[in-house]
Amino acid sequence: MEKDAATTLQCPNEYCQAANPLNHKFCRQCSTPLPKRYLWAVGDGLKLCSPGAILADRYLVIGESILLDLKPGLLPQVPPLDDLSTGIAPYLKLITYRLNVPQLYGILSVDDRQCQNQILLLEKPPLLIAGSDNSIQLCTNLDAAWSNASSMRQIHWLWQLANLWQPLATEGVVSSLLNPNLLRVEGAIIRLLELQFDPENSPKLKQLGQFWQQWVEKAKPAIAPFIQQISTWLIEEKIISSEQLITVLDQGLAELGRSQTVSLKIITQTDTGPVRQRNEDACYPPSGVLVSQASPGEIPLAIVCDGIGGHEGGNVASNLAIETIQQQLTNLNLVADENIDSCRLINNLEQAVAIANDQISQRNDSENRHGRQRMGTTVVMALPIAHQIYITHVGDSRAYLMTHHGCYQVTLDDDVASREVRLGYATYREAIQQGSSGSLVQALGMSQSSSLHPTCQRLILDEDMVLLLTSDGLSDCDRVEEHWETEILPILTGANDLSSVAQKLIDIANTKNGHDNVTIALIHCQVEYSEPNSPLAIGDPANLPSNNPPKTILNQKTRVLPQTKPVSTSQVPWNLLVPLLLVIIAGSLGYWFKFQRGKFNPSLTTPKPTTRTLENLAPGWIIKTTQTIPLSNQQSFPAESYLQIIEINPKPNNGASDRQVILRACPPSSTPSPQENISINLSQLQRFNVSVLQSGESSSCQ
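Analysis parameters
Residues numbered from 1 in each chain as written. Predicted model: local features only at pLDDT ≥ 70, side-chain atom pairs only at ≥ 80, totals over all residues. Heavy atoms only, no water. Phe/Tyr/Trp six-rings, centres within 6.5 Å; stacked < 30°, edge-to-face > 60°. Helix = DSSP H or I, 4+ residues; strand = E, 2+ residues; numbered from the N terminus. Buried < 20%, exposed > 50% of the residue type's maximum accessible area, 1.4 Å probe, protein only. Pairing = 2+ DSSP bridges. Axes fitted to C-alpha atoms, helices over the stretch in contact; angles between N-to-C directions. Contact = heavy atoms within 4.5 Å.

Student: Go over the packing of aromatic side chains, please, and point to the residues and values.
Tutor: Applying the stated rule across the entire model yields three aromatic pairs. Ring centres 6.2 Å apart and planes at 35° place the aromatic pair Trp146 and Trp157 in the tilted group. Taken together, the positions of Trp146 in helix α3 (residues 142-146) and Trp157 in helix α4 (residues 151-170) put the pair eleven residues apart, joining distant regions of the chain. Neither residue differs from the other here; Trp146 and Trp157 are each classed as buried. Between the aromatic rings of Phe211 and Trp215, the centroid separation amounts to 5.1 Å while the plane-to-plane angle is 75°, which identifies the pairing as edge-to-face. Comparing Phe211 with Trp215, the two get one shared label, buried. An aromatic cluster of at least three residues, connected via ring pairs, comprises Trp146, Trp157, Phe211 and Trp215.

Here it is as C-alpha cells:
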C-alpha cells in the first residue's frame, strides 16, 4: 500500500479522487488536470527521511527538502497561526512580492521520537525538471549563473535585490539577500529559496555592497566598473537607502537598454460567454485587433476591464474606464523612451486610473445609483516602454508573466482573501476557503479616488516573454496555470500565433469555467540584445540622491508627548475636523458598500483582537506623521497623515527583539486605505518624526 501511495497522484476532483500514475497530466478516469505541486520543506524534521518516503500519508519525499503533494485537491494542514512557534509572518506579509519570495503552502508536524518538529512547506520553489527521466533539482544559484549572463541581466538581477531590500528589512528577513545559497535564478527572475531571519543587529546596505563585490570580477566588461563603483558607494555609505540604490541601477538599465531592441505584438479578445446575457467586460485595443507595433503617435497600451453591478451598469463602467485611461495616457508618446522618468510615469498611470474612477463615481451620482445599482469595474493594464513594462491594476483582473522558464502571477487580487494573508491572519489557501473571500475590497467607481489605491509595478525586459492580462472569466479555477504550457508557451517557440492562442483561451474559459464574461489581452515581447562596446558611464557621487536624502531614511526618533500632560482643545489642529466630517460621510457610503453584490464587499474589515502595549504608546492613540513612512506592501504613510494605534504586539516568538505596531490610517489619509490595518516594526516607527495628538483608549480617528 505504501508503494502504491508513493507512485500515485490523487485526482483533485472531489467527485472522482481516482489514483493516477505520477507521470500522467490528466486523470485517467475523469480527465481533470493533475497539478504537480512540488514543495520546499524548511525544518529539521526531514533529516531521517529518504526519497520515496511518505509523510502524513500525503507528501512524497523526492529529494533533500523537496516534496510532492500526492493529494493536491485537499486543503494543506495548517495549525492555528497563534499557536505556532515558528516565525511564518514574513512569508504571509510578503505575498505582494511572491514573484521573488516563496509563499507558505502548509505546515507539517513530524515526530522524530525525541521532539515534534514543525516543517514549513513552501509552494512553487525554484525547481528545474530536466532530462528524459524528468529529474527534479534546484535551479542554479545566482553565483553560478552570474558569469554566463548578459550585462543587462546582471544589472537586472541586482535591481531585483535592491527592490527587495526594504520590504525584507521591514519584516526582519533581509539577511536572505546576503545568503548565496538562497538566491536562485529562473531565467531573468531572482527566486528566494526560503527566508532567513536577521540576527539581533540586522544587516545594513554596507553589507550588501560588500556582498556584491564578489561579482565584480566575473561581471561583463561593460558593467564591471559600474558595479564596483556602486559597491564602493554602498560601503562608504554614499548610497544610504534602497531608493537611491534603485535609482542608480535604473540609470544603468536605461543606458544598457539602448543596446536592446524590443518587438511587440498585442491582441485582445472579449466574449460574453455561454451564460451571461450581456458582456460587461471591455478591452483596449478593440477586441480582435492585432497590433504588431505601436504606430507613430500611439503608445503600446493594453487594458482589460471587468464591469461590476447594476442593470446596464457594468458595461458602462468598463467602457468608460477604457476611454478615460486611454485619453489620459495619449500624451505619454511625446516623451522619448530614454527620457522616461519611472516615478513620474507611475504617478501618471495612477492618476489616469484615479480620474477614470472619479468619472464612473460621478456617473453613478448623476444617475442616482445606489446599493446594487451602483456600477464599477476592475482594471488591469500594461504599458511597455523601452526596456520596461509598467503594470497597473485595481480589483481581481490579473496579469501573468510567461517565459521559457515558467508562469508567474504578477498581480495580487484586491480581495478579502489576499488582505487576510497580507495582514498575517491566514495562508492564502486557507483564506480562499472562507466565505466572501473573493469579495473585492476596491474597484473603480465605488468611491472617490482619495480612498483608491492602484498598484503599479515594473518588469524589466531582458528575455522573450508573453504577458497575459485577463478577467476572472479565465483566471478562475487556475485555468491559466493549467493551460499556459500547452497553449501560451508555444508562442515563444513560434509554434502558435497570437490570434489563434487568444481564441483558444476564450474557448477554454467558456468550456472549463463558463460562468462569466471573459476578456484577455496577450502581449508578446521579443528581445534582441548586444553587448555595448564601451563601459557604462559612472555618475558623479555628488549628484547622487544621498546628498539630499529622502525623508524615508532620516534617522530621527519618534517624538512622544508625555501621557500625563493634558491636551487642551486649542492644541488639537483644526484639520482634525475634516477627518470627522469625512468619517461621517464614509459611514454613509459604507452602508451601501455593504449591499453590493457578492463580488464587492469592502465592509469585511473587522480587525483581530488587540493586545496591551508594554511601552509608552497605547492602543487608541492618534499620531501625526511629518515625513513619509515606507511600508512593506509597496505603500507608504505620506507626510501629514493621521494614524491610530490599533495594537502593539509583544516580543515575537522568533527571537527578534523588535515589536510590531498595528496602525490604521485615519480619514482623509488616502494611503493606505482607512479600512486597512497596517503592521510596522516599532523600531522602524521610532526612526521617524511623529507627534501624538490624542492619547488613551477613548481616542478615535473621528
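From this point, the discussion proceeds with the structure in view.
Student: Residue-level account of the sheet that holds strand β21 (residues 455-460), with values.
Tutor: Pairing is antiparallel across the open sheet formed by five strands, whose spatial order is β14-β16-β17-β18-β21. Edge strands, defined here as strands with exactly one partner in the open sheet, are β14 (281-284) and β21. Neighbour to neighbour, the strand axes of the sheet diverge by 10° on average, direction disregarded. Bridge count between strand β18 (residues 388-394) and β21: six bridges; the pairing is antiparallel.

Student: Give me unusual backbone geometry: which residues, what numbers.
Tutor: Cis geometry is adopted by the peptide bond preceding Pro285, which originates at Tyr284 and carries an omega value of -5°. The backbone of Asn368 shows a phi angle near 55°, a positive value even though the residue is not glycine. The residue Asn368 is located in the loop between α9 (342-366) and β17 (376-385) in this model. Taking the relative accessible area as the measure of exposure, Asn368 reaches 56% and is therefore exposed.

Student: Describe the environment of Leu467, naming the residues involved and giving the relevant values.
Tutor: Examined against the element boundaries, Leu467 turns out to sit in strand β22 (residues 465-470). Considered as a pair, Leu467 and Val410 are 57 residues apart in the sequence and their alpha carbons are 9.5 Å apart. Dropping the residues within four chain positions of it, Leu467 is found in contact with Ala382, Ile389, Ile391, Tyr400, Leu401, Leu459, Ala521, Leu522 and Ile523.

Student: Provide a residue-level description of the sheet that holds β22, including the pertinent values.
Tutor: Sheet architecture is open: six strands sit in the order β15-β13-β23-β22-β19-β20, paired in antiparallel fashion. With partners counted over all chains shown, the strands left at the sheet margins are β15 (290-291) and β20 (406-409), one partner each. Across two bridges, the pairing between strand β13 (residues 260-271) and β15 is antiparallel. Considered in β15, the bridge of Ile267 is made with Leu290. Relative to the sheet, helix α13 (residues 479-493) contacts β19 (398-403), β20, β22 and β23 (518-529), its axis offset from that of β19 by approximately 55°.

Student: Now, about the pairing of β20: what can you tell me, with residues and values included?
Tutor: Going residue by residue along β20, you find Gly406 and Tyr408 tucked away on one face and Cys407 and Gln409 tucked away on the opposite face as well. Across four bridges, the pairing between β19 and β20 is antiparallel. Bridging from a neighbouring strand, Thr403 pairs with Gly406 of β20. Taking the residues that link successive antiparallel strands as the turn, the β19-β20 hairpin has two residues.

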